[in-house]
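# Structural description and commentary
Next come the chains, spelled out residue by residue.
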Amino acid sequence: MTPTSKRRGDPIRVGVLFSETGVTSTIGRSQLQGTLLAIDEINSSGGVGGREIVPVSYDAQSSPARYALLTERLITEDRVNVIFGCYMSSSRKAVLPIIEKWNKLLFYPTLYEGFEFSNNIIYTGAAPNQNSVQLAEFMTSNFGARVYLIGSDYIYPYESNRIMGDLVMQRPGSEKLAERYVPLNAGLRDFAAIMKEIRDLRPDFIFSTVVGDSTASLYCAYAEAGFDPRTMPIASLTTSEAEISQMGWEVAAGHYTSAPYFQSIDSESNRGCLGRLRERFGSECVPNLCWEAAYFQMHMFANAMRESDGDEIAQIMPQLLGSEFDAPQGRVRIDPSNHHTCLYPRIGRADATGQFTIVREARRPVHPDPYLVTHSLGDWTVALHAQP
Ligand code: ACM
């Protein structure tokens, strides 16, 4: 009998692995809170057939090596079958071989660079055809196709910049002016030479794949250089409400982010969820795209468990694939063919409230295409809300 066999009253122990400290901890703490909020909601409405979900949680400290170590510990010592976690792709890449070796299941609630499939992972963040394609179309249509690429020094920025570069190069008059990388702990000074180069090259827009704490330094360096987001904005997939809370709205206002979720989504489901979050965690949490994915994936797990004989991957995967859930962003679905999730692309412009004004959004969910088999620009159904 497995430690989590299906008996009424037995808790279902799950691994939870996010970064509460280190360079990506602002996002990591929000993902943890999204996870814990969903667990509270599931448990307070009777659990899974009377069984409570009990998180076994560790702080991975924004270190891929620590993610790997703690994954091994969760599986071999804590004996969990399912783990919820990871932000940086470098941490997912460190965890993946361990999850596959033990044939366990990882839920990954973060946008990423795509070009990956594992039988042992459910991907609930956006793939490039659900954020990059839309952002490339929007930025090149509204600002031009001369792009300057800047990122943190690891796999997601390398790959995401490559994809954005390829998408932008489909446009007439396009030019990839430069591609620069900074350390994960970059401060204001690390961006000085980059700002000088941007002043010389005058791109139409800057594509940032900078993540974590150094995001604030990038936007502050841009503001200090006196640049104007109305004519040369920064576009990103990772600058969320959480990063804006670190840099301040004055610095962020006017820049663009492409994501399936923004706090400002005007729906009853979103408002209700934000209300419950604030009741549980006060104003400390800053909800964002990765918070939302962490929240809804736990509910999808619980729903699948209700249909399953146990939490072994072979038992639960058939219930997960094809399942749907009314998430704060809209109704999402796990695509059985690639384990990624159907999501609603949106473009937001940072505003004077520290949030995003949604300027475009898909009317229907976009199916995940992690290998970008089809990626022509302008292939998403959009509703224009406001002029850029
Ligand atoms: C990321 O590294 N997937 C944001």
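Bear in mind the structure is a predicted one, so any value in this text is a computation, not a measurement.

Rules and cut-offs
All residue numbers refer to positions counted from 1 along the written sequence of the respective chain. This being a predicted model, a pLDDT of at least 70 is required before a residue's local features are given, and a value of 80 or more before pairs of side-chain atoms are given or counted; all residues contribute to the totals for chains, interfaces and linings. Calculated side-chain values reflect all of the structure's heavy atoms, with hydrogen atoms and water omitted. A pair of strands is considered paired only if DSSP assigns at least 2 bridges between the two. Counting from the N terminus, the helices are DSSP H or I runs at least four residues long and the strands are E runs at least two residues long. Per-residue confidence from the predictor is reported as pLDDT, a score between 0 and 100. Two residues qualify as a contact provided that any one of their heavy atoms is within 4.5 Å of a heavy atom in the partner residue. Burial here depends on accessible area, computed with a 1.4 Å probe over protein chains only, as a share of the maximum for the residue type. Under 20% is buried, over 50% is exposed, and the range in between is partly exposed. Only buried Ala, Val, Leu, Ile, Met, Phe, Trp, Tyr and Cys residues count toward a nonpolar core, and they belong to the same one when joined by side-chain atoms within 4.5 Å. The convention used is that axes are lines fitted to C-alpha atoms, helices contributing only their stretch in contact, and that angles between N-to-C directions extend from 0 to 180 degrees. Any angle that is under 35 degrees is reported as roughly parallel, and any over 145 degrees as roughly antiparallel; angles of 65 to 115 degrees are reported as roughly perpendicular and all others as oblique. As a working rule, the residues Ala, Val, Leu, Ile, Met, Phe, Trp, Tyr, Cys and Pro are called nonpolar, Asp, Glu, Lys and Arg charged, and the rest polar, with Gly in that last group. Any two of the Phe, Tyr and Trp rings considered here, Trp counted by its six-membered ring, make a pair once their centres fall within 6.5 Å; the pair's planes then place it as stacked at under 30 degrees, edge-to-face at over 60, or tilted in between. In our convention, an over-ring charge means Lys NZ or Arg CZ found within 6 Å of a ring centre and within 35 degrees of that ring's normal. The term salt bridge refers to a side-chain nitrogen of Lys or Arg lying within 4 Å of a carboxyl oxygen of Asp or Glu.

The strand order across the open sheet built from three strands is S11-S12-S13, with neighbouring strands paired in antiparallel fashion. Of all the strands in the sheet, just strand S11 (324-327) and strand S13 (341-342) have a single pairing partner and so form its edges. When S11 meets strand S12 (residues 330-334), the two strands line up antiparallel, connected through four bridges. Paired with Asp 326 across the bridge in S12 is Arg 331.

On to the confidence of the model for the chain, then. The share of residues in the chain with pLDDT of 70 or more is 94%, and the mean pLDDT across the chain is 95. Across residues 1-5, where pLDDT falls below 50, the model places nine contacts with residues more than four positions away in sequence or in other chains.

Our next topic: the pairing of strand S15 (residues 356-362). Most of S15 is tucked away, with six of its seven residues classed as buried. Sheet analysis places strand S14 (residues 346-350) next to S15, joined by five bridges and oriented antiparallel. When the bridges of S15 are listed, Gly 348 appears paired with Ile 358. Between S14 and the antiparallel strand that follows it, S15, lie five residues; Gly 354 among them carries a positive phi value of about 85°.

Our next topic: the nonpolar core. Most often, soluble globular proteins keep nonpolar side chains buried together rather than apart. Membership of the largest hydrophobic core comes to 105 residues, with the highest contact counts inside it found for Phe 191, Met 195 and Phe 301. The element that contributes the greatest number of residues to this core is helix H11 (residues 289-306), accounting for 12 residues. If near-sequence neighbours (up to four positions away) are discounted, Phe 191 is found in contact with Ile 150, Val 182, Ala 186, Val 210, Ser 214, Ser 217, Leu 218 and Ala 221. Judged by nonpolar contacts, the second largest core, of 21 residues, contains Tyr 58, Leu 74, Val 80 and Ile 99.

Attention now moves to unusual backbone geometry. One non-glycine residue with positive phi stands out, namely Arg 79, at about 60°. Position of Arg 79 relative to the elements: it lies in the loop between helix H2 (64-76) and strand S3 (82-85). In this structure Arg 79 comes out as partly exposed when scored by relative accessible area, which is 49%. Of note, the phi angle at Leu 372 is positive, near 45°, even though the residue is not glycine.

Direction vectors running N to C along H11 and helix H12 (residues 313-320) enclose 110°, while the axes themselves pass 8 Å from each other. Overall, the two elements H11 and H12 adopt an arrangement that is roughly perpendicular. Across the interface between the two elements, Met 300, Phe 301, Ala 304 and Met 305 of H11 pack against Ile 316, Gln 319 and Leu 320 of H12. For the contact of H11 with H12, the residue count by class is six nonpolar, one polar and no charged.

We now examine the packing of aromatic side chains. A full pass over the atoms with the stated rule returns 14 aromatic pairs. Both rings, one in Phe 84 and one in Phe 107, keep their centres 4.8 Å apart while their planes meet at 15°; by these two values the pair is stacked. One end of the pair, Phe 84, is in strand S3; the other, Phe 107, is in strand S4 (residues 105-108), and 23 residues separate them in sequence. Summarising the aromatic geometry, the rings of Phe 138 and Tyr 256 are spaced 5.3 Å apart at their centres and angled 50° between planes, so their arrangement reads as tilted. A residue pair is termed long-range when its members are at least 10 positions apart, and Phe 138 in helix H4 (residues 132-142) and Tyr 256 in strand S10 (residues 256-258) qualify at 118 residues. You can call Phe 138 buried: its relative accessible area is 1%. Through a chain of ring-to-ring contacts, the aromatic side chains of Phe 84, Phe 107 and Phe 301 assemble into a single cluster. For Arg 73, the ring lying beneath its charged end belongs to Tyr 58, and the centroid distance is 5.2 Å.

What follows covers the pattern of salt bridges. Scanning the entire structure with this criterion turns up 19 salt bridges. In this structure, Glu 116 and Arg 92 form a salt bridge, with 2.9 Å as the shortest nitrogen-oxygen distance. Of this pair, Glu 116 sits in the loop between S4 and strand S5 (121-123) while Arg 92 is found in helix H3 (residues 89-101), placing the two residues 24 residues apart along the sequence. In this structure Glu 116 comes out as buried when scored by relative accessible area, which is 5%. A salt bridge links Arg 271 to Asp 266, with the nearest nitrogen and oxygen atoms 2.4 Å apart. Of the residues examined, Asp 266 reaches a relative accessible area of 68% and is grouped as exposed. Among the charged side chains, a salt-bridge network with shared partners connects Arg 92, Lys 93, Glu 113 and Glu 116.

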